[in-house]
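Residues per chain, in single letters:
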Amino acid sequence: MSSTPLDYVHRFVPAHAAAKDAPTLLLLHGTGGDENDLLQLGPLLAPGAALLSPRGKVLEQGMARFFRRLAQGVFDEEDIKRRSGELASFVARAATFYDFDAARVIAVGFSNGANIAASLLLLHPDTLAGAVLFHAMTPLAPQPLPDLRGRPALLTAGRADPLVPGAESERLAKLLERAGAEVTLAWQPGGHTLTQAEIATAAVWLRERGW
């Protein structure tokens, strides 16, 4: 847990000294997680990368989240906008504080963390160079859409996911494509869990893009 003046409880792991031009992975946990949950993914996805892992500020029945929801699958869009702005500002300040390249930040989010990562792409696209979205829903559909050309996104989805219907995964993929992103939608047969196959798919996807 960091004692820095940055306004999210978070963990930061510097890039490996031998990993020249390594990106920073912005690790965003799911509901009920914290800043430690996804740290183990870093070496599996992008060996040597820096890791920035904040804890969501919103509490739902004691469980940390990155934004409020009104019901299962029903999001508070005004809160999404506010929290996305807070997170974008945090990443920018963290880049200065920890001296990493703000132009090489890749979001890696699961569930609620993937949703806030998608909202960063849609509302604050300059914050991210790309995103890995594990089991994401469409957080909102801003008008006009941002220009996401040059910002690729990988979406992974479970065909038996009880929380994220397949149509919702396809909706988000199409929305990001309309904004100009290069989108890869990768299906797995399971439910709302992060599988080893998804992690392996994401690692290959990142490596193919030089990250």
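Residues numbered from 1 in each chain as written. Predicted model: local features only at pLDDT ≥ 70, side-chain atom pairs only at ≥ 80, totals over all residues. Heavy atoms only, no water.

## With respect to the overall build of the protein chain
For the protein chain, the count of helices and strands is five helices and 11 strands. Relative to its length of 211 residues, the protein chain is compact, with a C-alpha radius of gyration of 16 Å against a globular reference of 17 Å. Projecting the C-alpha coordinates of the protein chain onto the three principal axes gives extents of approximately 40 × 35 × 35 Å. A separation of at least 24 residues holds for 71% of the contacts in the protein chain among residues at least 6 apart in sequence. Both charge centroids of the protein chain, one from 20 positive and one from 22 negative side chains, sit 1 Å from each other. (Helix = DSSP H or I, 4+ residues; strand = E, 2+ residues; numbered from the N terminus. Rg over C-alpha atoms; globule rule 2.2 N^0.38 Å. Contact = heavy atoms within 4.5 Å. Lys, Arg positive; Asp, Glu negative; His and termini not counted. Charge placed at Lys NZ, Arg CZ, Asp CG, Glu CD.)

## Considering helix 5 (residues 196–208)
A rise of 1.5 Å per residue sets the reference length of helix 5, with its 13 residues, at 18 Å; its end C-alpha atoms lie 18 Å apart and thus fit the reference within 8%. Buried within helix 5 are the following residues: Glu198, Ile199, Ala202, Ala203, Trp205 and Leu206. The arc that holds every buried residue of helix 5, seen down its axis, measures 165°, which confines them to one face. Opposite the buried face of helix 5, at more than 90 degrees from it, the exposed residues are Gln196, Arg207 and Glu208. Just downstream of helix 5 lies Gly210, where phi reads positive at about 80°. (Expected span 1.5 Å × (residues − 1). Buried < 20%, exposed > 50% of the residue type's maximum accessible area, 1.4 Å probe, protein only. Arc of directions from axis to C-beta.)

## A short note on the packing of helix 2 (residues 77–98) against helix 3 (residues 112–123)
Contact geometry of helix 2 with helix 3 gives a least axis separation of 9 Å together with a crossing angle of 85°. One finds that helix 2 runs roughly perpendicular with respect to helix 3. Each of Ile80, Lys81, Arg83, Ser84, Leu87 and Ala88 in helix 2 lies in contact with helix 3, whose residues at this interface are Ile116, Ser119, Leu120 and Leu123. Within the contact of helix 2 with helix 3, the residues separate by chemical class into six nonpolar, two polar and two charged. (Axes fitted to C-alpha atoms, helices over the stretch in contact; angles between N-to-C directions. Parallel < 35°, antiparallel > 145°, perpendicular 65-115°, else oblique. Nonpolar A, V, L, I, M, F, W, Y, C, P; charged D, E, K, R; others polar.)

## Some words on the sheet that holds strand 11 (residues 183–188)
Judged by pairing direction, the sheet is mixed, and its seven strands sit side by side in the order 1-3-2-8-9-10-11 without closing on themselves. Strands with a single pairing partner mark the edges of an open sheet, and in this sheet they are strand 1 (10–13) and strand 11. The mean inter-strand angle of the sheet, taken between neighbouring strand axes irrespective of direction, is 15°. Note: strand 2 (residues 24–28) against strand 3 (residues 50–54), three bridges, orientation parallel. What sits directly across from Thr24, in strand 3, is Ala50. Here helix 2 sits on the sheet in contact with strand 1, strand 2, strand 3 and strand 8 (105–110), set at roughly 140° to strand 3. (Pairing = 2+ DSSP bridges.)

## Comments concerning helix 4 (residues 166–178)
Helix length check: helix 4, at 13 residues, gives a terminal C-alpha distance of 18 Å against a target of 18 Å (1.5 Å per residue), a fit within 8%. For helix 4, the complete set of buried residues consists of Glu168, Ser169, Leu172, Ala173, Leu175 and Leu176. Viewed along the axis of helix 4, the buried residues span an arc of 160°, placing them on a single side of the element. When the buried face of helix 4 is taken as reference, the exposed residues oriented beyond 90 degrees from it are Ala167, Lys174 and Arg178.

## Points about the nonpolar core
Residues Leu26, Leu28, Leu133, Leu155 and Leu176 are the most contacted members of the largest nonpolar core, which totals 44 residues. Taken together, the elements giving at least two residues each to this core come down to strand 2, strand 3, helix 2, strand 8, helix 3, strand 9 (130–134), strand 10 (153–158) and helix 4. Beyond its immediate stretch of four places on either side in the chain, Leu28 contacts Leu38, Pro54, Phe66, Leu87, Ala107, Val108, Gly109, Phe110, Gly113, Ile116 and Ala117. Judged by nonpolar contacts, the second largest core, of 23 residues, contains Leu39, Trp205, Leu206 and Trp211. (Core = buried A, V, L, I, M, F, W, Y, C linked by side-chain atoms within 4.5 Å.)

## Details of the pairing of strand 3
Across the five residues that make up strand 3, a large majority, five, are buried. On strand 3, burial covers both faces: Ala50, Leu52 and Pro54 on one face and Leu51 and Ser53 on the other are all buried. Relative to strand 3, strand 1 runs antiparallel, the two sharing four bridges. Looking at strand 3, one finds that Arg11 is bridged to Ser53.

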